[in-house]
Amino acid sequence: MSKEIKIFLASPRGFCAGVDRAIDIVEKTLNKFGPPIYVRHEIVHNKYVVDNLKKKGAIFVEKLEQITDTSRPVIFSAHGVPKNVPEEAKLKKIFYIDATCPLVTKVHREAERHYKNGCKIILIGHKGHPEVIGTMGQLPKGSITLIETIQDAENIKIEDSKQAIAYVTQTTLSLDDTKSIVDILKKKFPGIKAPIKEDICYATTNRQIAVKKIAPNCEMFFVIGSENSSNSKRLVEVAKKSGCNKSKLINSGENLPIEEIVQCNNIGLTSGASAPEKLVQDFISEIKKHCKVNIEEVVTNKENVTFKLPSSLN
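Described in the following lines is the structure provided in the data block. Small disclaimer: the values here were computed from a predicted structure and weren't measured. Position labels on residues start from 1 in each chain and follow its written sequence. Totals for whole chains, interfaces and linings use all residues, but because this is a predicted model, local features are given only for residues with pLDDT of at least 70 and pairs of side-chain atoms are given and counted only at 80 or more. Excluded from the side-chain calculation are hydrogens and water; included are all heavy atoms of the structure.

## Re unusual backbone geometry
For the bond running from Ser-11 to Pro-12, omega is 10°, close enough to zero to count as cis. Put simply, DSSP marks the helices as runs of H or I at least four residues long and the strands as runs of E at least two long, and each gets a number from the N terminus on. Structurally, the position occupied by Pro-12 is in the loop between strand S1 (4-11) and helix H1 (17-33). Cis peptide bonds are those with omega within 30 degrees of zero, and the linkage from Pro-35 to Pro-36 qualifies with -5°. By the element assignment, Pro-36 lies in the loop between H1 and strand S2 (37-40). Despite not being glycine, His-41 has its phi angle at roughly 70°, a positive value. Within the secondary structure, His-41 sits in the loop between S2 and helix H2 (47-56). On the basis of relative accessibility, which here comes to 14%, the residue His-41 falls in the buried class. Its identity as a non-glycine residue notwithstanding, Lys-93 has a phi of 55°, on the positive side. Burial classification: accessible surface area is computed with a 1.4 Å probe over protein chains only, and a residue below 20% of its type maximum counts as buried, one above 50% as exposed, and the rest as partly exposed.

Below is the structure:
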């Protein structure tokens, strides 16, 4: 085992404050009310996390009508929900706790403010993602126009040329791709209102900056995260754009391409904002079975953000 591989380990990586808070909410609800409790949609997009919470007594549903015992609490996921979901819970007399990330709630409030001010709202995001569904569901149908790509931005038409326009974004987008889209919108609609503070969250931003720094030095780059995790998939794209073509998303329990890895001298490693550190350490342990490993942690930022828990759990 004379072969040695250098692993550039990105920092910050893994759980963000919104994910920490959401998981904490599920665990504290289980402790306070006992199992079972319900969670509407995956609390965060990570199979390992969801499976662990299932073992503790959390039942995951996609719709409130799937709840068989309405006397039990239900938690809304970190991605946020449309306004009609808490309304439906109230009608059904279901006690609910909202684990929406405060940075997603900020986007919801922005959209509401723009709507009250008579603006046409453009949302930059990924169609079908629960966060986008939640944001669009804050306002009456047709109030928000979703765009996903540069081409969408170029093609968008606003019928009333005198109407004020504003844009908001999903919190887990690629910084560079979003900037390209925003640049087109600003050129097209010079008076467009931007968010007071960037909508793409600090954790998404920090993880992408760390990847950008490491990826050019790597022959392969690995992002630990789930297939349905938007921020994790963006990290793979960022690594590729930063010069590491062999960049790959690794799900928990997935077999690693060891034969390819052991031919490398330098690899990069990070994890999405909903992936626990245990999965990163499992990845490193697996590689150590096949060759020597030299780890260099590359720190681009320190994070110390925390969010308060809902008052119903205090």
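Still more ground to cover, so stick around.
## Thoughts on the environment of Asn-251
Within the secondary structure layout, Asn-251 lies in the loop between strand S10 (247-250) and helix H10 (258-261). Residue classification places Asn-251 among the partly exposed positions, given a relative accessible area of 25%. Put simply, Asn-251 and Ala-17 are 234 residues apart on the chain and 21 Å apart in space, counted from C-alpha to C-alpha. The contact criterion used throughout is that any non-hydrogen atoms of two residues lie within 4.5 Å. Setting aside residues up to four positions removed in sequence, Asn-251 forms contacts with Gly-225, Ser-226 and Glu-227. As used in this structure description, the phrase polar contact means that two N or O atoms lie within 3.5 Å; if the pair is within protein, one of them must be able to donate a hydrogen and the other to accept it, and residues adjacent in sequence are counted only when both atoms belong to side chains. Side-chain polar atoms of Asn-251 contact the backbone nitrogen of Glu-227, separated by 3.4 Å.

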